[in-house]
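# Fold and contact review
Given next are the chains, with one letter for each unit.
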Amino acid sequence: MKKVLFGAVIALSTVLIFRSCADEREKQSILEENSMLIQQELKNVSKLIVTEGHFVEVYNYKDSRELFGTMLTADKKALVVVNAEATVAYDLSQIQYQVDEATKTITITNVPEPEIKINPDFEYYDVTADYFNPFSAQDYNNIKKNVKASLLKKVETSSLRSNAENRLVSELSRILVLTHTMGWTLVFDGTVVQNMEELDIFLD
């Protein structure tokens, strides 16, 4: 009788251990699948987010050269009309993140800075120059440099950049929704992100 009882205990223990191991393997498998799914979603948003805008700049260029003191000068000038296409983009393939399966945490450690590109088309009007102060390649280079600097300031203060940031938040919110749905936690800049509003604040 004791042998039968002992055998039954051993059999029951074996079944319980087997079930426990099976449950643990199933939980680990689910955890790994969730981790892979979240990482795949991060790869899916790794694309350029581009916002385009059109800008017009009218630029007056003037330069004077003194010939004999201040009494005589050689002048040159030009009226330049610039039509420019500007784009703001985020290369999300450069996002850096860490996945901690033990704590079910996705930590975004770095989001790339926006890439601003300006493609200007220059049209020159009323170009005049004295014989002793002719237009040179350096003059045209100075015009392009000054115009691009002016356009860059316009892009920075326009809605173009904020629109791109809004699209960035929209893309990253997909990760936020996925992590919350699967019971994971999204951390950015050392802080747990609970909603899109917080994500927007952290990216500002």
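Structure's up top.
Residues numbered from 1 in each chain as written. Predicted model: local features only at pLDDT ≥ 70, side-chain atom pairs only at ≥ 80, totals over all residues. Heavy atoms only, no water.

For the rest of this paragraph, the subject is the sheet that holds strand β6 (residues 185-188). The four strands are arranged β3-β4-β6-β7 in an open sheet whose pairing can be described as mixed. Only two strands of the sheet have a single neighbouring strand rather than two, namely β3 (96-100) and β7 (191-192). (Pairing = 2+ DSSP bridges. Helix = DSSP H or I, 4+ residues; strand = E, 2+ residues; numbered from the N terminus.)

Here we take up the pattern of salt bridges. One side chain can pair with another of opposite charge once the charged atoms of both are near each other. Tallied over the entire structure, the rule returns five salt bridges. Note that E156 and R161 form a salt bridge whose closest N and O atoms lie 2.7 Å from each other. We classify E156 as partly exposed; its relative accessible area is 38%. A salt bridge links R174 to E171, with the shortest nitrogen-to-oxygen separation between them at 3.0 Å. Linking R174 with E171, this pair stays in helix α3 (residues 159-181), spanning three residues, or about one helical turn. You can call R174 partly exposed: its relative accessible area is 33%. Ionic contacts of the salt-bridge type, sharing partners, join the residues E156, R161 and E165 into one network. (Salt bridge = Lys/Arg side-chain N within 4 Å of Asp/Glu carboxyl O. Buried < 20%, exposed > 50% of the residue type's maximum accessible area, 1.4 Å probe, protein only.)

Another point: the sheet that holds strand β1 (residues 48-66). Ordered in space as β1-β2-β5, the three strands form an open sheet in which the pairing is antiparallel. Each edge of the open sheet is held by one strand with a lone partner, namely β1 and β5 (115-129). Neighbour-to-neighbour, the strand axes of the sheet open up by a mean angle of 15 degrees, direction not taken into account. One ladder, built from 19 bridges, connects β1 with strand β2 (residues 73-91); its direction is antiparallel. Residue pairing for β2: G53 is matched across the bridge by A86. Each of β1, β2 and β5 is contacted by α3, which is oriented at about 155 degrees to β1, the strand it contacts most. (Axes fitted to C-alpha atoms, helices over the stretch in contact; angles between N-to-C directions. Contact = heavy atoms within 4.5 Å.)

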